[in-house]
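A look at the structure
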Amino acid sequence: MNDDQHLDASLSGAMPAGAAAQPDVIALSAFFDGHPVATFAIDTQHVVTHWNSACEQLLGYSAADMVGTRNHWKAFYRQPRACLADLLVADDIALGENELYQGKLKRSAVIPGAYEAEDFFANIGLDGHWLHFTAAPLRDRYGRLVGAIETLRDVTERHHAESALLKAHANLEHLVARRTAQLAEMNERLADDIRQREIADTELRERNLALTELNSKLSLAQQKLLQSEKLASIGQLAAGVAHEINNPIGYVFSNFGTLEGYLSDLFSMLDAYQEAESGIAVPKVSQRLRALREQIDLDFLRTDIPLLMDESKEGIVRVRRIVQDLKDFSRTDAHQEWVWADLRQGIDTTLNIVNNEVKYKADVIKQYGDIPDIECQPSELNQVIMNLVVNAAHAMGEERGRIILRTGSDSATEVWIEVEDTGTGIAPEHLSRIFDPFFTTKAVGKGTGLGLSLAYSTVQKHHGRLDVRSTPGCGTTFRITLPVRQAQAGAP
């Protein structure tokens, strides 16, 4: 017995003579609670009287939300309208046939007085559902209408399968027709192709030569484009580097200005001493020397001048370090040698260069683990670190964030670097494309879309891996894994 026959047998209205109404209600409730098919019932006032657990799971509304209300339409539609059960209660099937379910409504072949239809409900679930629904009248022992019952079956998968089958069938017919036409055309051309073989071979050789030349030009253009991206990144940081240089130069000049004043006072004191050499016994001169010494505070000058000189030297050393880091970082030799280098030193150099780009947006935290020197091209890896750190700074929201750089080694043959940020994260639909050339989520004119692509190709050149994990709203972590020794030094 199928579900519809079971429903017909349970709700046929046939009851033993003299049976009380209460057992009918209990039997109906038991039927609802144990029925695996989504089912609800309404009375003649269109008030929901039953809403079983299968209905809750399919439609997302609990029995507590529905029973005792006329809100069952909310599970199917965005605006109030009659359901099939409502049409039976209102004895207005014509409305369903002519307006609500045009061409979809038909009488049930199993349950007398029942109707069934199949329709798509966009309001159910995330992507909508196809439902096959059957509504039957509920009558008491005397045959009087007391309500209606409606059952629902989810036929979404069947519809998808049918659609896929129809599409596959259509595609197959189209493919057969196309192949047939191609075969006929190829048969027509076969005789001519044999006569034109020599001409075709010559043309093919010419095209191969042209394609080879085009590939060479494309490869050269790609190298120039990547080099332009690197130079553009360095140019973007030039203003920040100039700012970093101006700060120490500024206080060096300021200190030397103060130092000139101090020296002027010292010279004045020395002149006074020179003047007093011949008249030191004169009380007036002696008093003047003592007053002048107290005025310029000679002891303080002797203490402060060395401090100023040390501070000035520190500023000059800082300028030299920044300039040297910039020089090392911006090396653009086309044929760099593979050398053994400490990645942590390269990271520090890069952070010194990008400091002005980062310091206003995030705090930089270093968590370096012990790692051995690796065989690499340091300036290219510095470029990778720069791209990741600058991207992390750009990913920060309105609040100041954190950028954490870690190093470590899980084996004797590999080391890794992580750049983690607390920025806005990367949308899941963009994760698979972030390393594609020219892909960017920044506004037009704000990025070329080559930074991560260049980083990816550089890591691959070092026979390493560049992985990413990201949670929107929480941040992103890039992990670079590199071999300690290259299989063949100098061979990308």
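Residues numbered from 1 in each chain as written. Predicted model: local features only at pLDDT ≥ 70, side-chain atom pairs only at ≥ 80, totals over all residues. Heavy atoms only, no water.

Summing up its helical and strand segments, the protein chain has 15 helices and 13 strands in all. Residue burial in the protein chain is summarised as follows: out of 492 residues, 36% are buried. Across the protein chain, every contact between residues at least 6 apart in sequence was considered, and the portion connecting residues at least 24 apart equals 61%. A total accessible area of about 29500 Å² is found for the protein chain, and carbon and sulfur atoms account for 53% of it. (Helix = DSSP H or I, 4+ residues; strand = E, 2+ residues; numbered from the N terminus. Buried < 20%, exposed > 50% of the residue type's maximum accessible area, 1.4 Å probe, protein only. Contact = heavy atoms within 4.5 Å. Areas by Shrake-Rupley, 256 points an atom, 1.4 Å probe, with all protein chains shown as cover.)

Within the secondary structure layout, P36 lies in the loop between α2 (21-34) and β1 (38-43). Judged by its relative accessible area of 69%, P36 falls in the exposed class. Between the alpha carbons of P36 and N52 there is a distance of 8.8 Å; along the sequence they are 16 residues apart.

With mixed pairing, the five strands of this open sheet are ordered in space as β8-β10-β11-β13-β12. At either margin of the open sheet sits one strand with a lone partner, and together these are β8 (362-368) and β12 (465-471). Each adjacent strand pair in this sheet contributes to an overall mean axis angle of 15°, direction not counted. On the sheet, helix α11 (residues 343-353) packs against β8, β10 (401-408), β11 (414-421) and β13 (475-483) and is oriented at approximately 170° with respect to β8. (Pairing = 2+ DSSP bridges. Axes fitted to C-alpha atoms, helices over the stretch in contact; angles between N-to-C directions.)

Of all eight residues in β10, seven are buried, a share of seventy percent or more. Alignment of β10 against β11, held across six bridges, turns out to be antiparallel. Within β11, the position partnered with T407 by the bridge is I417. Joining the antiparallel neighbours β10 and β11 is a turn of five residues.

A separate point is the pattern of salt bridges. Scanning the entire structure with this criterion turns up 18 salt bridges. Between E203 and R207 there is a salt bridge, with its nearest N and O atoms 2.6 Å apart. Of this pair, E203 and R207 both sit in helix α8 (residues 197-276), separated by four residues, roughly a single helical turn. One salt-bridge network, held together by shared partners, links R406, D410, E418, E420, R469 and R479. (Salt bridge = Lys/Arg side-chain N within 4 Å of Asp/Glu carboxyl O.)

When we look at a pair of aromatic rings, we describe it by the centre distance and by the angle of the planes. Counting across every chain of the model gives eight aromatic pairs. Residues Y77 and F121 carry aromatic rings whose centres are separated by 5.7 Å and whose planes lie at 55° to one another, so their mutual orientation is tilted. In this pair, Y77 sits in the loop between α4 (63-66) and α5 (84-89) while F121 sits in strand β4 (residues 115-121), placing the two residues 44 residues apart along the sequence. An identical accessibility class is assigned to Y77 and F121; each is buried. Taking the centre distance of 5.8 Å and the plane angle of 65° together, the rings of F121 and F133 count as edge-to-face. Of this pair, F121 sits in strand β4 while F133 sits in strand β5 (residues 129-139), and the two are twelve residues apart along the sequence. What makes F133 buried here is its relative accessible area of 2%. Ring pairing ties together the aromatic residues F40, W51, F76, Y77, Y101, F121 and F133, which thus form one cluster. Directly above the aromatic system of Y77 lies the positively charged group of R81, at a separation of 4.1 Å from the ring centroid. Lying over the aromatic face of Y101, R81 brings its terminal NZ or CZ to 5.3 Å of the ring centre. (Phe/Tyr/Trp six-rings, centres within 6.5 Å; stacked < 30°, edge-to-face > 60°. Lys NZ or Arg CZ within 6 Å of the ring centre and 35° of its normal.)

Here we take up the packing of α11 against helix α13 (residues 378-394). At a closest axis distance of 9 Å, the pairing of α11 and α13 adopts a crossing angle of 50°. Between α11 and α13, the crossing angle belongs to the class labelled oblique. The two elements α11 and α13 cross, and the hand of that crossing is right-handed. The residues of α13 that touch α11, namely those facing L343, G346, I347, T350 and L351, are L381, N382, I385, M386 and V389. Counted by class, the contact of α11 with α13 contains seven nonpolar, three polar and no charged residues. (Parallel < 35°, antiparallel > 145°, perpendicular 65-115°, else oblique. Left-handed = near helix turned anticlockwise from the far one by under 90°. Nonpolar A, V, L, I, M, F, W, Y, C, P; charged D, E, K, R; others polar.)

Take the confidence of the model for the protein chain next. Residues with a pLDDT of 70 or more make up 76% of the protein chain, whose mean pLDDT is 79. For the stretch residues 1-23, pLDDT sits under 50, and the model shows 30 contacts to residues farther than four places along the chain or on other chains. (pLDDT = per-residue confidence, 0-100.)

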